[in-house]
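Structural characterization, general
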There are 2 protein chains.
Amino acid sequence: MSNRIITISREFGSGGRTIGKQTAAVLGIPCYDSELLEKIAKESGFTQDYVALAGEYAAGGNWLSQALSARDYQGHSYQDDLWAIQQRIITELAEKESCVIVGRCADFILKDRADCLRVFIHSDMEHRAKRIVEQYGERPDSPEKRLRDKDKRRAAYYQFYTDMKWGNVHNYHIALDSGALGIDKCVEILANLY
Amino acid sequence: MSNRIITISREFGSGGRTIGKQTAAVLGIPCYDSELLEKIAKESGFTQDYVALAGEYAAGGNWLSQALSARDYQGHSYQDDLWAIQQRIITELAEKESCVIVGRCADFILKDRADCLRVFIHSDMEHRAKRIVEQYGERPDSPEKRLRDKDKRRAAYYQFYTDMKWGNVHNYHIALDSGALGIDKCVEILANLY
């Protein structure tokens with residue numbers, strides 16, 4: 001039987017990572033999330049923190065995104081190197097085994113594979129703010145600002161490298177509101193669909 | 001027990017209406033689609049065809065949309081009358097009984113009801129073109145043009161009356177690609193969620 005992949009794109013604080021992990025556990029297949037960062041870090045020689053940061057600062061306007069995306073005389077940046085490594089690692093993973101892959105534009109990278117279920121997890125501000133305060137111990141004074149900032153960065157990164165709109169309903173086979181439906185229901189739906 | 005409503009917004013040719021009908025049948029509740037047009041026609045005094053047309057020609061640029069949305073000296077059009085009647089009928093239906101409602105911006109009209117599951121059904125051009133030729137006997141020479149035209153009209157109507165983007169993932173609890181997942185699987189997911 002050929003490999004079957006689930007890619008999960010998610011808004012920060014929507015519980016997409018948890019849904020990915022739990023769905024993978026139910027199906028008895030691996031889930032790549034921070035493991036992916038590790039792999040990319042190892043191959044690129046950058047630290048894992050740097051890889052995580054680079055994944056959120058493409059085409060932004062601040063000093064960090066400027067620094068990360070600074071281009072040499074050939075119009076080439078460290079971020080482009082990372083993107084190439086990321087593409088190769090994700091493609092190899094999908095060749096190797098059935099798995100769940102969270103984030104890193106895996107939906108786009110694997111878009112031509114017929115055996116890939118593309119999932120988007122989102123939720124409203126209220127649910128996400130509550131979740132990041134409870135789960136990640138974020139400072140509760142302005143979680144909304146932090147969410148908006150994260151959303152903006154993920155959308156910019158996605159658009160820069162894929163030339164597609166992040167969160168556009170047409171890019172996904174299924175999009176779920178984890179706040180309204182609940183994490184467990186989302187896991188159940190995805191595991192049943194697989 | 002309070003009423004529970006499923007609203008289905010759908011791209012033309014995605015099978016959203018069929019999914020609505022079948023889900024309602026599984027759940028043993030009514031599905032309002034053309035029945036809704038009938039009700040609106042009856043109350044407004046317009047014909048059913050006129051009501052159907054008016055639902056697709058808001059804010060467009062051609063002679064028909066101009067005529068339909070022509071405003072009197074108080075800035076008021078026939079379409080606005082229809083919208084008011086539609087709003088009232090959909091709100092009354094949701095008060096009266098559990099049901100599935102297809103189209104007519106019911107998702108927006110009922111957006112403040114906690115007991116309403118908002119669904120979006122979409123599919124790629126290829127699946128939809130195949131479907132409208134097979135199911136509706138559309139002329140097979142340029143189904144894509146017809147689909148793009150219908151998409152544009154529905155999006156314009158939705159945006160005009162709701163001030164929200166049609167097909168934006170955040171407006172729905174669940175969005176399903178009926179071409180990739182299949183009609184039966186969509187029905188199963190929605191019936192299970194209810």
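This write-up is about the structure you can find in this document. (Residues numbered from 1 in each chain as written. Chains lettered and ligands numbered in written order. Predicted model: local features only at pLDDT ≥ 70, side-chain atom pairs only at ≥ 80, totals over all residues. Heavy atoms only, no water.)

Here we look at the sheet that holds strand 1 (residues 5–10) of chain B
- Judged by pairing direction, the sheet is mixed, and its 10 strands sit side by side in the order 2(A)-3(A)-1(A)-4(A)-5(A)-5(B)-4(B)-1(B)-3(B)-2(B) without closing on themselves. The sheet terminates laterally at strand 2 (31–32) of chain A together with strand 2 (31–32) of chain B, the two strands that pair on one side only.
- Relative to strand 4 (residues 116–122) of chain B, strand 1 of chain B is paired through six bridges, and the arrangement is parallel. Bridging from a neighbouring strand, B:I6 pairs with B:L117 of strand 4 of chain B. (Pairing = 2+ DSSP bridges. Helix = DSSP H or I, 4+ residues; strand = E, 2+ residues; numbered from the N terminus.)

Side note on the nonpolar core
- By size, the foremost hydrophobic cluster in this structure holds 62 residues, and its most contacted members are A:L36, A:I101, A:L110, B:L36, B:I101 and B:L110.
- Residues contacting A:I101, with those up to four places away along its chain left out, are A:I5, A:I6, A:T7, A:I8, A:Y32, A:L36, A:I90, A:L93, A:A106 and A:L110. (Core = buried A, V, L, I, M, F, W, Y, C linked by side-chain atoms within 4.5 Å. Buried < 20%, exposed > 50% of the residue type's maximum accessible area, 1.4 Å probe, protein only. Contact = heavy atoms within 4.5 Å.)

Quick notes on the packing of aromatic side chains
- Enumeration over the complete set of coordinates arrives at 12 aromatic pairs over all chains.
- With a centroid separation of 4.9 Å and 85° between ring planes, the pair formed by A:F160 and A:Y161 is classed as edge-to-face.
- Taking the relative accessible area as the measure of exposure, A:Y161 reaches 12% and is therefore buried.
- By way of ring pairs, the aromatic residues A:W83, A:Y157, A:F160 and A:Y161 are connected into one cluster.
- The cationic tip of B:K111 hangs over the ring face of B:F108; the distance from NZ or CZ to the ring centre is 4.5 Å.
- Here the guanidinium or amino end of B:K150 rests over the ring plane of B:F12, the centre of that ring lying 4.6 Å away. (Phe/Tyr/Trp six-rings, centres within 6.5 Å; stacked < 30°, edge-to-face > 60°. Lys NZ or Arg CZ within 6 Å of the ring centre and 35° of its normal.)

Quick look at unusual backbone geometry
- The backbone phi angle of A:C105 is positive, close to 55°, even though this residue is not glycine.
- Of note in the backbone geometry, B:R104 takes a positive phi value of approximately 60° without being a glycine.

Brief notes about the interface of chain B and chain A
- Across the contact, 19 residues belong to chain B and 19 residues belong to chain A.
- Carbon and sulfur atoms make up 65% of the area that chain B and chain A hide from each other, which totals about 1,600 Å².
- Viewed at the interface, chain A and chain B are joined by zero salt bridges.
- Seen at the junction of chain B and chain A, the total is seven residue pairs in polar contact (both at pLDDT 80 or more).
- Those elements that provide at least two residues to the side of chain B that touches chain A are strand 4, strand 5 (174–177), helix 9 (178–181) and helix 10 (183–193) of chain B.
- Pairing analysis gives three bridges linking strand 5 (residues 174–177) of chain A to strand 5 of chain B, with the strands arranged antiparallel. Across the sheet, A:I174 pairs through a bridge with B:L176, a residue of strand 5 of chain B. (Buried area = accessible area lost by both parts, 1.4 Å probe. Salt bridge = Lys/Arg side-chain N within 4 Å of Asp/Glu carboxyl O. Polar contact = N/O pair within 3.5 Å; in protein donor to acceptor, adjacent residues only side chain to side chain.)

Concerning helix 7 (residues 125–136) of chain A
All names here are of chain A.
- Counted at 1.5 Å a residue, the expected span for helix 7 with its 12 residues is 16 Å, and the 16 Å between its end C-alpha atoms agrees.
- Among all positions in helix 7, only R128, A129, R131 and I132 are buried. When helix 7 is viewed along its axis, its buried side chains cluster within an angular range of 165° and face the same direction. Away from its buried face, by an angle of more than 90 degrees, helix 7 presents the exposed residues E126, K130 and E134.
- Turning to helix 7, the residues buried within the fold contact helix 1 (16–27), helix 8 (143–162) and helix 10 (183–193). (Expected span 1.5 Å × (residues − 1). Arc of directions from axis to C-beta.)

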